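Coordinate analysis (summary)
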Amino acid sequence: MAPPNIVLMHCHDLGRYLGCYGAAVDTPRIDGLADEGVRFDRHFVTAPQCSPSRSSLMTGRHPHQNGMLGLAHGDWEIGPDERLLPQLLGDAGYETHRFGLQHITEYPDRLGYDREHVEEPLRVNTPPSVHETARAREVGEEVASVLSAGEHDAPFFASVGFFELHRVEEEDGFGFEADRYETPDPERVEPLPFLPDRPGIRSDIAEVQGMLEALDDGVGTVLDALEEAGLAEDTLVVFTTEHGLAFPRAKGCCYDAGIGAALAMRYPDEFEPGVVDDLVSNVDVFSTLLEFAGTESPENVAGRSFRSRLVDESDGSEGQYEPRERLFAGMTWHDRYNPVRAVRTDRYKYVRNFWHLPGVYLTRDIYESAAGSEVREEYYCEQRPYVELYDLETDPHERENLAEDPDHEDVRSRLRDELIGWMLETDDPLLEGPVRPSDWDAIHPQIESEPEQDGP
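Residues numbered from 1 in each chain as written. Predicted model: local features only at pLDDT ≥ 70, side-chain atom pairs only at ≥ 80, totals over all residues. Heavy atoms only, no water.

**Examining the overall build of the protein chain**
The secondary structure content of the protein chain amounts to 13 helices and 16 strands. In terms of overall size, the protein chain behaves like a compact globule, its C-alpha atoms giving a radius of gyration of 22 Å where 456 residues would be expected to give roughly 23 Å. Seen along its three principal axes, the alpha-carbon backbone of the protein chain occupies a region of about 85 × 60 × 50 Å. Looking at the protein chain residue by residue over its 456 residues, the buried ones come to 58%. Surface summary for the protein chain: the accessible area is close to 19,900 Å², and the carbon and sulfur share equals 43%. A gap of 4 Å separates the mean positions of the 40 positive and 94 negative side-chain charges of the protein chain. (Helix = DSSP H or I, 4+ residues; strand = E, 2+ residues; numbered from the N terminus. Rg over C-alpha atoms; globule rule 2.2 N^0.38 Å. Buried < 20%, exposed > 50% of the residue type's maximum accessible area, 1.4 Å probe, protein only. Areas by Shrake-Rupley, 256 points an atom, 1.4 Å probe, with all protein chains shown as cover. Lys, Arg positive; Asp, Glu negative; His and termini not counted. Charge placed at Lys NZ, Arg CZ, Asp CG, Glu CD.)

**Details of the nonpolar core**
Core analysis: the largest hydrophobic core is formed by 67 residues, its most contacted members being Met 9, Leu 14, Tyr 17, Phe 162, Leu 215, Phe 239 and Phe 247. Sorting the residues of this core by element identifies strand 1 (5-11), helix 1 (28-36), helix 5 (136-148), strand 6 (156-161), helix 6 (199-228), strand 9 (235-241) and helix 11 (370-380) as the ones contributing at least two each. When residues in this core are grouped by element, the largest group, 13 residues, is from helix 6. Sequence-distant contacts of Tyr 17, defined by excluding residues within four places in its chain, comprise Ala 23, Val 25, Leu 192, Ile 205, Val 208, Gln 209, Leu 212 and Leu 245. Among the nonpolar cores identified, the runner-up in size contains 54 residues, and Leu 289, Leu 290, Leu 310 and Leu 389 belong to it. (Core = buried A, V, L, I, M, F, W, Y, C linked by side-chain atoms within 4.5 Å. Contact = heavy atoms within 4.5 Å.)

**Some remarks on the environment of Val 275**
Of note, Val 275 is situated in strand 11 (residues 274-276). Taking C-alpha positions, Val 275 is 7.0 Å from Asp 41, a pair spaced 234 residues apart along the chain. Look past the residues within four positions of Val 275 in its chain and what remains in contact with it is Arg 39 and Asp 41.

**Concerning the environment of Gln 87**
Along the chain, Gln 87 turns up in helix 4 (residues 85-91). Along the backbone, Gln 87 and Thr 240 are 153 residues apart, and their C-alpha atoms lie at a distance of 20 Å. Residues within four places of Gln 87 in sequence aside, it is in contact with Glu 82, Arg 110, Leu 111 and Gly 112.

Here it is as structure tokens:
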């Protein structure tokens, strides 16, 4: 069988806030994609923040392996020897296209796309606000224009990056542009299960839903364009995001609300619709797309392909796939130092915090938001324990820390060993001590030697 076209749609700050994942929202196009394909109910990302998580999707390696320990516009960069997904697909014979945003480098030529359908890419001399031009409805129309004109060769890979649901800096803090999008009545929205039900949180939830409608429309435009161009049957469509909602206890945190992410895949000619409940990491998506493309992953990747979990057993792939027993996540730098590493199994989450940290870390856009103002005194002024342990079966929202519970001592010890073993295996720099910020030279310049003094 010829390799499929691949369309990878990705957005900001969504988590699993979709109707197909049980949220009380109207997302018919994304839900339809999940119904026609495979929905992954336990897909997790390597970091609860943008650039590091996206770097894993594009390299199949954890951020501390590929060098992306912070944000791309914060002077962090993927290591020079890393091989990225569009480069590898190009080597496999794909024509590669980029639409909308990317946020893993300020040097977009490094990404290796054949064609860039972007007027204002993120570069060294541009602010991160350039991403705000990549609105879902407009990006979707650009994809549709290229597909309808036949301006592509087969097979092709298209990365389609949507700005929504990222917060925007406004006069009174960070919000979701209620004036730009159609926003429901805050009294009618359903509270988030991991946060208290308070007015500021409700107003932000309502604004999110306005952005979400636009995102769903953008996805729908791309899906319709594939159908109208006669490409739907021959195209592997992937929809995902990089981390959880931009709300407290989600984005910037290694709780499930922060690292849990949507993932839906559709390929009519290759696999049947369904739901996968296995633990899956976004480093695995990298390896899976390469296998669908008929090429191998580079050595030393952290991901494992789950293609044989999806395809019909008659193709001879039976027995190749082994579900994960655990996966790993972490964070190092964002707008503040927040060094955390975590391991998650079917039932437990073990989190190790490597610094004096607030009880719940709030990124700046969350801290200066209506939702953040409701909880920041409670969350940000407390001291976080160095070790956290949660029983996800009885405590899915990770409220009760069992790290000091003697009944869970064996679990804590086992997961601690597994986490440290993974850090050793992947040469995690946190094992050597605190990780310096990217602008260390500006903070602590080298002091020139004092001239020698003459004797008395």
